[in-house]
Amino acid sequence: MSLAVALKTKNRELRQTALAAASSALIAGTTEPALYGVAVRLKRPLLASLITGFVCGCLAGIGGLASRSMVSPSVLTGVQFIDPANPGKSIAWIAGITVLAVILSFILTLVIGFEDIPEEER
């Protein structure tokens, strides 16, 4: 969602915030900057995130994914969802849902759109 906002906004400050929030969410699993710095401010991207979370959460449940440790979910900590009894299947589900989450939130944010914050004149 933050990547789509960064791509579409004309506001330089919002673009920087969105890019930093996206990298923080993907790499470290820290989603607060994306939530409060981008989604809540613009409102419509929050809807895209909620829809994406619902869809990907349902698919994760169907795939039988469950966390086996207390770690903030990110690209680097996806190993927490690997099932020791069937690692190949769970790795495929983890990779698929991760890619789906990024792509679906990106596309939904672009489709739903948002009202851009005008840049202040200095």
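Cut-off values and rules
Residues numbered from 1 in each chain as written. Predicted model: local features only at pLDDT ≥ 70, side-chain atom pairs only at ≥ 80, totals over all residues. Heavy atoms only, no water. Salt bridge = Lys/Arg side-chain N within 4 Å of Asp/Glu carboxyl O. Helix = DSSP H or I, 4+ residues; strand = E, 2+ residues; numbered from the N terminus. Axes fitted to C-alpha atoms, helices over the stretch in contact; angles between N-to-C directions. Parallel < 35°, antiparallel > 145°, perpendicular 65-115°, else oblique. Left-handed = near helix turned anticlockwise from the far one by under 90°. Contact = heavy atoms within 4.5 Å. Nonpolar A, V, L, I, M, F, W, Y, C, P; charged D, E, K, R; others polar.

Colleague: What is the right way to look at the pattern of salt bridges in this model?
Modeller: Think of it this way: side chains of opposite charge can pair up when their charged atoms draw near. Scanning the model with the defined rule gives two salt bridges in all. For glutamate 119, the salt bridge identified is with arginine 12, shortest N-O distance 3.1 Å. Note that glutamate 119 is positioned in the segment after α5 (87-112) and arginine 12 in helix α2 (residues 12-28), a separation of 107 residues in sequence. Between aspartate 83 and arginine 68 there is a salt bridge, with its nearest N and O atoms 3.3 Å apart. Here aspartate 83, found in the loop between α4 (44-62) and α5, pairs with arginine 68, found in the loop between α4 and α5; they are 15 residues apart in sequence, far enough to count as distant.

Colleague: Any chance you could explain the packing of α2 against helix α3 (residues 32-42) here in plain terms?
Modeller: Helix-helix packing is described using two parameters, namely the angle between the two axes and the distance between the axes. Relative to each other, α2 and α3 sit at 135°, their axes nearing to 8 Å. Judged on the interaxial angle alone, α3 and α2 are oblique. For the pair α2 and α3, the crossing hand works out as left-handed. Contacts between α2 and α3 involve Leu14, Thr17, Ala18, Ala21 and Ser24 on the former and, on the latter, Pro33, Ala34, Gly37, Val38, Arg41 and Leu42. Taken together, the residues of the contact of α2 with α3 break down into seven nonpolar, three polar and one charged.

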